[in-house]
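Here's the letter readout for the chains.
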Amino acid sequence: MKFLKFSLLLFIATIAFSCVAPSENGAPQMIKTEVPERPAGQTDMLQFAAEPIPTVRVGFVGLGMRGPGAVQRFTHIPGVEIVALCDLRPERVDAAQEILRKAGFPEAAGYSGDVNSWKELVERDDIDLVYVATDWNSHAEIGVYAMENGKHVAIEVPAAMTLEQIWALVDTSERTRKHCMQLENCVYDFFELTTLNMAQQGVFGEIIHTEGSYIHELSAFWDSYWNNWRLDYNEKNRGDVYPTHGIGPAAQLLNIHRGDKMNYLVSVDTKPIVGPEIVKELYGREAPDFRNGDHTLTLIKTEKGKTINIQHNVMTPRPYSRMYQLTGTKGFANKYPVQGYAIQSGQVESEGIPNHEDLNAHSFVSEEVKTALMEKYKHPIHKELEEKAKTVGGHGGMDFIMDYRLVYCLQNGLPLDMDVYDLAEWCSLIPLTQISLDNGSVPVEIPDFTRGGWDKIDGLKFAY
């Protein structure tokens, strides 16, 4: 038996390393990743717009940590019917029904008590959109099944954990002509969206480098996850397992698959120290094979010579940070730990904003100038939704803006702000960083999930 196990491990290792192209001195150059040929009859979903849906009928799957807030937010969006609710635990469905009653909505159909109850919801013929807020491991399966049953689907982050799951979502979306959007709320935060607008208007010159992260100590949350699924995933897997909050805004600044594409990444990590300690503290057992390092760093190079730095750390007692940083040829923006802009001398005045400081390369503009810049470049989405978003809430309002924009685009037959290729690219860091780390931090090719369409669109544009 031991020999069989060893033989299997040796076979897997051989397959893994067989795709590493050696250099002249024998060192690995790049791990190649396969891009499957697009099935006959499929076309890409770039700028895809479905037929308008004046009243969007929604079914929610997963009512644990994220689902109830989504149900509450949808009661504030015009033209929405909440048709069905599903969770493994009946009491969570009952709690969501109470949200509807308090908001003056009729009771929705409820599904619970079985791990496959969600399939009954998905199979209904009176639902347009399935909103998925379950654990990571079930996201892709539900998304694929929803599209196959004629539904658009919106999936919490990360929407897929493996390359196989990612390609399944891409191919199913292309084949069924149904939207598959990842619910990445951080792209709608006020500083991020304003800074994106500034970048698109040329305030920072050409953007050459961006940074993002998910640095969030989870000591207060680990035992809140059903059946310990999140800590269990970190114990069994390695790499940046939660990259989308960081990579989403960073990728948007660089117009990824809208004129540029990510070519390859390299990851490094620390050894796991805090992770095994958490397992012992919470569950009273040793975790000698805990896989994920306490801190992971990933560097990405794009086709057009830009760079991205992404980090992940949910273990150590660091202050919360998504980093969010851009470096341009004429300016700089930073959100954590200090929010501010540094702009080339003369650039502020050219924006028509008085500046009374002697700017240099080592200082942010004054708070007065920053406020003026953010007001001048307030994104149209924020101009429309800012006040209501702050009232409804959800991470300061960005959750509401995300949900509102999803429904607005469906109602008006517009392309969504985030498409299935955003989902694919941002989630791909999960398996690709693990491949890099498990092979000695070698470069790993990032697939072109558009299969050749990455430069068909000239820049990121939100539809109105």
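It should be emphasised that the depicted structure is a prediction, and the values quoted were computed from it without experimental measurement. (Residues numbered from 1 in each chain as written. Predicted model: local features only at pLDDT ≥ 70, side-chain atom pairs only at ≥ 80, totals over all residues. Heavy atoms only, no water.)

## Observations regarding the sheet that holds strand β5 (residues 109-111)
Backbone hydrogen bonds hold the strands of a sheet together, and the pairing may be parallel or antiparallel.
Turning to step 1, where the next piece is worked out: Read across the sheet, six strands follow the order β5-β4-β3-β6-β7-β8 without closing on themselves; strand pairing throughout is parallel. Of all strands in the sheet, those bounded by a partner on one side alone are β5 and β8 (180-183). For this sheet, the mean inter-axis angle between neighbouring strands, taken without regard to orientation, is 20 degrees.
Turning to step 2, where the next piece is worked out: With three bridges joining them, strand β4 (residues 80-86) and β5 adopt parallel strand pairing. Across the sheet, Cys86 pairs through a bridge with Tyr111, a residue of β5. (Pairing = 2+ DSSP bridges. Helix = DSSP H or I, 4+ residues; strand = E, 2+ residues; numbered from the N terminus. Axes fitted to C-alpha atoms, helices over the stretch in contact; angles between N-to-C directions.)

## Thoughts on the domain arrangement of the protein chain
Turning to step 1, where the next piece is worked out: Per the domain assignment, the segments making up the protein chain are domain 1 (56-182) and domain 2 (187-380 + 420-445).
Turning to step 2, where the next piece is worked out: Centre-to-centre, using C-alpha coordinates, domain 1 lies 27 Å away from domain 2.
Turning to step 3, where the next piece is worked out: Across the interface of domain 1 and domain 2, roughly 1900 Å² is buried in total on both sides, 76% from carbon and sulfur atoms.
Turning to step 4, where the next piece is worked out: On inspection of domain 1 and its partner domain 2, the count reaches zero salt bridges.
Turning to step 5, where the next piece is worked out: Here domain 1 is connected to domain 2 by one residue pair in polar contact (both at pLDDT 80 or more).
Turning to step 6, where the next piece is worked out: The set of elements that each furnish at least two residues to the side of domain 1 that touches domain 2 consists of α5 (136-148), α6 (163-176) and β8.
Turning to step 7, where the next piece is worked out: By residue number, the principal contributor to the side of domain 1 that touches domain 2 is α6, which donates six residues.
Turning to step 8, where the next piece is worked out: Partitioned by chemical class, the residues of the side of domain 1 that touches domain 2 number 14 nonpolar, four polar and three charged. (Domains from an automatic or database assignment. Buried area = accessible area lost by both parts, 1.4 Å probe. Salt bridge = Lys/Arg side-chain N within 4 Å of Asp/Glu carboxyl O. Polar contact = N/O pair within 3.5 Å; in protein donor to acceptor, adjacent residues only side chain to side chain. Nonpolar A, V, L, I, M, F, W, Y, C, P; charged D, E, K, R; others polar.)

## Brief notes about the UniProt feature "domain: Rhodanese" (unreviewed entry) in the protein chain
Turning to step 1, where the next piece is worked out: The UniProt record annotates "domain: Rhodanese" (unreviewed entry) at residues 78-127.
Turning to step 2, where the next piece is worked out: Along residues 78-127 the backbone is 38% helical and 20% strand, and the end-to-end C-alpha distance reaches 16 Å. (UniProt positions renumbered as here; feature names shortened; annotations may be inferred.)

## So, unusual backbone geometry
Turning to step 1, where the next piece is worked out: Of note, the amide linkage connecting Val157 to Pro158 takes the cis form, showing an omega dihedral of -20 degrees.
Turning to step 2, where the next piece is worked out: With respect to the helices and strands, the residue Pro158 is situated in the loop between β7 (152-156) and α6.
Turning to step 3, where the next piece is worked out: Cis peptide bonds are those with omega within 30 degrees of zero, and the linkage from Tyr336 to Pro337 qualifies with -5 degrees.
Turning to step 4, where the next piece is worked out: By the secondary structure assignment, Pro337 is in the loop between β14 (331-334) and β15 (340-343).
Turning to step 5, where the next piece is worked out: Residue Tyr324 is not a glycine yet carries a positive backbone phi of 40 degrees.
Turning to step 6, where the next piece is worked out: Secondary-structure assignment places Tyr324 in the loop between β12 (307-313) and β13 (325-328).
Turning to step 7, where the next piece is worked out: Notably, Arg451 is not glycine yet its phi reads approximately 55 degrees, a positive angle.

## A closer look at the packing of aromatic side chains
Turning to step 1, where the next piece is worked out: Tallied over the entire structure, the rule returns 18 aromatic pairs.
Turning to step 2, where the next piece is worked out: Taken together, a centroid distance of 5.5 Å and an interplanar angle of 80 degrees make the contact between Trp136 and Tyr233 edge-to-face. Of this pair, Trp136 sits in helix α5 while Tyr233 sits in helix α8 (residues 229-236); the two residues are 97 residues apart in sequence, bridging distant segments of the chain.
Turning to step 3, where the next piece is worked out: Aromatic rings pair up to connect Trp136, Tyr214, Tyr225, Trp229, Tyr233, Tyr242, Tyr320 and Tyr336 into one cluster.
Turning to step 4, where the next piece is worked out: Against the face of Tyr145 rests Lys119, its NZ or CZ located 5.6 Å from the ring centre.
Turning to step 5, where the next piece is worked out: Here Lys390 stacks its cationic end above the ring of Phe190, 5.7 Å away from the centre of that ring. (Phe/Tyr/Trp six-rings, centres within 6.5 Å; stacked < 30°, edge-to-face > 60°. Lys NZ or Arg CZ within 6 Å of the ring centre and 35° of its normal.)

## What about the environment of Met65?
Turning to step 1, where the next piece is worked out: Residue position: Met65 is located in the loop between β3 (56-61) and α2 (67-74).
Turning to step 2, where the next piece is worked out: Separated by 222 residues in sequence, Met65 and Ala287 have C-alpha atoms that sit 26 Å apart.
Turning to step 3, where the next piece is worked out: In this structure, Met65 is in contact with Ser224 and Tyr225, ignoring residues within four places of it in sequence. (Contact = heavy atoms within 4.5 Å.)

## Section: the pairing of β3
Turning to step 1, where the next piece is worked out: Counting buried residues in β3 gives five out of six residues, a clear majority hidden from the surface.
Turning to step 2, where the next piece is worked out: Bridge count between β3 and β4: six bridges; the pairing is parallel. What sits directly across from Arg57, in β4, is Glu81.
Turning to step 3, where the next piece is worked out: In the classification by handedness, the crossover that spans β3, the intervening α2 and the parallel β4 is right-handed.
Turning to step 4, where the next piece is worked out: Sheet topology places β3 next to strand β6 (residues 129-132); four bridges connect them, and they run parallel. Following the sheet pairing, Val58 is matched in β6 by Leu129. (Buried < 20%, exposed > 50% of the residue type's maximum accessible area, 1.4 Å probe, protein only. Right-handed = clockwise from strand over helix to strand, strands pointing away.)

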